[in-house]
Amino acid sequence: MTEKTDVVLIGAGIMSATLGALLRQLQPDWSITMFERRDAAAPESSDPWNNAGTGHSALCELNYTPQQADGSVDITKAIDINERFQVSRQFWSYGAENGILDDPSAFINPIPHVSFCHGADGVDYLRKRHEALSRHPLFDGMEFIDDADEFDRRLPLMGKGRDYAEPVALNWTETGTDIDFGALTKQLLAYLGSSGVDIAFGTEVTNLSKQRDGSWTIKVRNTRTRATRTVNAKFVFVGAGGYALPLLQKSGISEIAGFAGFPVSGQFLRCTNPELIAQHRAKVYGKAAVGAPPMSVPHLDTRVINGKAGLLFGPYAGWTPKFLKDGKMSDLVKSVRAGNLVPMLGVGVTELGLVKYLVSELAKSQAGKVNTMEEFIPRADGQDWELITAGQRVQIIRRKGAGGVLELGTAVIAAGDGSIAGLLGASPGASTCVSAMLDVMQRCFPSEYAAWTPKLKEMVPSLGVKLSENQSLFQEVWDWSTKALRLSDNTPVSAGVARG
């Protein structure tokens, strides 16, 4: 028997949970069914020990503010990402005030965002970056620090044992946040479940097929009992992380032709010493090594998980052909199609630097990883750290000219008739989840979107407005969200060792 539903959401991560919550508010009469192949919510990229957690708002990530050949700093991407993060922040604030979210402190906490460079050229770059960003309202309050005593005071763990004969500098933003997207996703799913959404864990989508009436038939299988279900839906969203690509390929939509994926795994060193964790309360991002890809930007990162502070350093890149941490070794090979083979081969030729970087990372021992960390922590001791494996990132490869190009970031892929959509790519995905799902809704529900707009503006007051061009509105929504998310409380977290 074929079950009927209005919407199917594939994957129980932050993207599907966000889209489900938005649709529940806008169309409470629609039936929604969610399928997740794992037995828990947010088990892959949304998990705080995997990829998500920084709260990307371009306050500290230097790959979003590249230095140009003439020495100037391009802040275009930083402004765009910060704008989109503000959209997420507004929706979370609405959710906290209207019963969608329960306890904001369980998923968002104030943590300074800091950029770190050393050497005369690095200091000069951070000075120029500060001058460019601090003129914009979205980055108001950013400080430039090049005093050794102030460095020691703010970052004692990084200052201890440092030789200040080499100049250092910081861009410091006190109003940054740490976000546990796993906890956020679970709160959204609790809301969806209480509102009647059918959430099926341990259930894998095995096939999708388009019907003559424009609907989709989805075949699923229980991963434990092997029992099968067939569901017919008017709309399907594929928010399955790395598996979004193969599922969209199975759908057969023409829009996915030419797209491929390049999986990159990652590792972090996680601190096991509470005394060290207590000496560092910031997200400190440096510059990627010469020749290394932007995804390799090193950072010493405070995380707040279950009310306890944790500390990570990395990432250290790895490689596996799996598209998910819990995926299969055959994932990459099975994703190859006639339409994406040429783009994949083209990237193999143009991205030799990435290949060289991955090989060098794979050859690095744990002692070598600790040595790398000494740039941040001069007196790093490997006994205080354990190596953990993070989530899989499947970077986008798309056709360009006669070949292909590897892209960092995310992309919404939607069928021309709006009946199915999915999200490909990685960072800064989770932090911009709301704007990404608004894009899905606008493209897939154009007639309904106009009627939804008044309600959407209740949830996201800046909808359709660039906050970087409207300082008074930005201040208004910033003050509101700071109060709604309880960020002004600035309650200290305990310095215990946060565990996965």
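The following paragraphs examine the structure supplied in this document. Remember, it's a predicted structure, so these values are computed and weren't measured experimentally.

Parameters at a glance
- Residues numbered from 1 in each chain as written.
- Predicted model: local features only at pLDDT ≥ 70, side-chain atom pairs only at ≥ 80, totals over all residues.
- Heavy atoms only, no water.
- Helix = DSSP H or I, 4+ residues; strand = E, 2+ residues; numbered from the N terminus.
- Buried < 20%, exposed > 50% of the residue type's maximum accessible area, 1.4 Å probe, protein only.
- Contact = heavy atoms within 4.5 Å.
- Expected span 1.5 Å × (residues − 1).
- Axes fitted to C-alpha atoms, helices over the stretch in contact; angles between N-to-C directions.
- Left-handed = near helix turned anticlockwise from the far one by under 90°.
- Nonpolar A, V, L, I, M, F, W, Y, C, P; charged D, E, K, R; others polar.
- Core = buried A, V, L, I, M, F, W, Y, C linked by side-chain atoms within 4.5 Å.
- Pairing = 2+ DSSP bridges.
- Phe/Tyr/Trp six-rings, centres within 6.5 Å; stacked < 30°, edge-to-face > 60°.
- Lys NZ or Arg CZ within 6 Å of the ring centre and 35° of its normal.
- Patch = residues over 30% accessible without salt bridge, like charges linked within 9 Å, V, L, I, M, F, W, Y side chains within 5 Å.
- Areas by Shrake-Rupley, 256 points an atom, 1.4 Å probe, with all protein chains shown as cover.
- Salt bridge = Lys/Arg side-chain N within 4 Å of Asp/Glu carboxyl O.
- Lys, Arg positive; Asp, Glu negative; His and termini not counted.
- Charge placed at Lys NZ, Arg CZ, Asp CG, Glu CD.

Things to note about the side chain of Gln-86
As for its position among the elements, Gln-86 is in helix 2 (residues 76-97). Here Gln-86 falls in the buried class, since its relative accessible area comes to 5%. For Gln-86, the contacting residues outside a window of four places in its chain are Leu-138, Leu-467, Phe-474 and Trp-478.

A few points about helix 13 (residues 433-444)
With twelve residues, helix 13 ought to run about 16 Å at 1.5 Å a step, and its terminal C-alpha atoms sit 16 Å apart, in line with that. Counting buried residues along helix 13, nine of its twelve residues qualify, which places the element largely inside the surrounding structure. Of all the residues in helix 13, the buried ones are Cys-433, Val-434, Ser-435, Ala-436, Met-437, Leu-438, Val-440, Met-441 and Cys-444. Packed against the buried residues of helix 13 are helix 1 (14-26), helix 2, strand 11 (228-238), strand 19 (410-414), strand 20 (420-425) and helix 14 (446-459).

Quick word on the packing of helix 1 against helix 6 (residues 181-194)
Packed helix pairs are characterised by how far apart their axes lie and by the angle those axes make with each other. Contact geometry for helix 1 and helix 6: axes closest at 9 Å, N-to-C directions at 35 degrees. Between helix 1 and helix 6 lies a crossing of left-handed hand. Here Ile-14, Ala-17, Thr-18, Gly-20, Ala-21, Arg-24 and Gln-25 of helix 1 lie close against helix 6, whose contacting residues are Phe-181, Leu-184, Thr-185, Leu-188, Leu-189, Tyr-191 and Leu-192. Of the residues that constitute the contact of helix 1 with helix 6, the class distribution is nine nonpolar, four polar and one charged.

Some words on the nonpolar core
One finds Trp-92, Phe-237, Met-441 and Leu-456 to be the most contacted residues of the largest nonpolar core, which totals 57 residues. Ignoring anything within four residues of it in the chain, the contact list for Trp-92 reads Phe-85, Leu-101, Phe-107, Ile-108, Ile-179, Phe-181, Leu-184, Cys-433, Val-434 and Leu-485. If you look at the next biggest cluster of nonpolar residues, it comprises 42 residues, including Val-236, Tyr-357, Leu-358 and Val-394.

Let's talk about the pairing of strand 18 (residues 403-407)
A regular strand carries its side chains on alternate faces of the sheet. Relative to strand 18, strand 17 (residues 393-400) runs antiparallel, the two sharing five bridges. Of the residues in strand 18, the one forming a bridge with Arg-398 is Val-405. Between strand 17 and strand 18, which follow one another and run antiparallel, lie two residues, and Gly-401 among them has a positive phi close to 60 degrees.

Here's the deal with the packing of aromatic side chains
Taken as a whole, this structure holds 13 aromatic pairs when the rule is applied. Ring centres of Phe-85 and Trp-92 lie 6.1 Å apart, and the angle between their planes is 80 degrees; on these two criteria the pair is classed as edge-to-face. For Phe-85, a relative accessible area of 3% puts it in the buried group. Residue Trp-92 is classed as buried on the basis of its relative accessible area, which comes to 0%. Each ring, one from Phe-116 and one from Phe-376, has its centre 5.2 Å from the other, and the planes form 65 degrees; the classification is edge-to-face. Remark: Phe-376 occurs in the loop between helix 12 (366-373) and strand 16 (385-389) and Phe-116 occurs in strand 4 (residues 113-118); sequence separation between them is 260 residues. Comparing Phe-116 with Phe-376 shows no difference in burial state: the two are buried. One aromatic cluster is present, built from ring pairs that chain together Phe-116, Phe-151, Tyr-164, Phe-313, Tyr-316 and Phe-376. Over the face of the ring belonging to Tyr-316 we find Lys-369, whose NZ or CZ atom lies 5.6 Å from the ring centre.

A word on a positive patch on the surface
Taken together, the side chains of Arg-226, Lys-250, Lys-328 and Lys-334 make up a positively charged region of the molecular surface. Within the secondary structure, Lys-334 sits in helix 9 (residues 331-334).

Here's the deal with a nonpolar patch on the surface
Taken together, Val-336, Leu-341 and Leu-345 make up a surface patch of nonpolar side chains, about 240 Å² in accessible area. Topologically, Leu-345 is positioned in helix 10 (residues 341-350).

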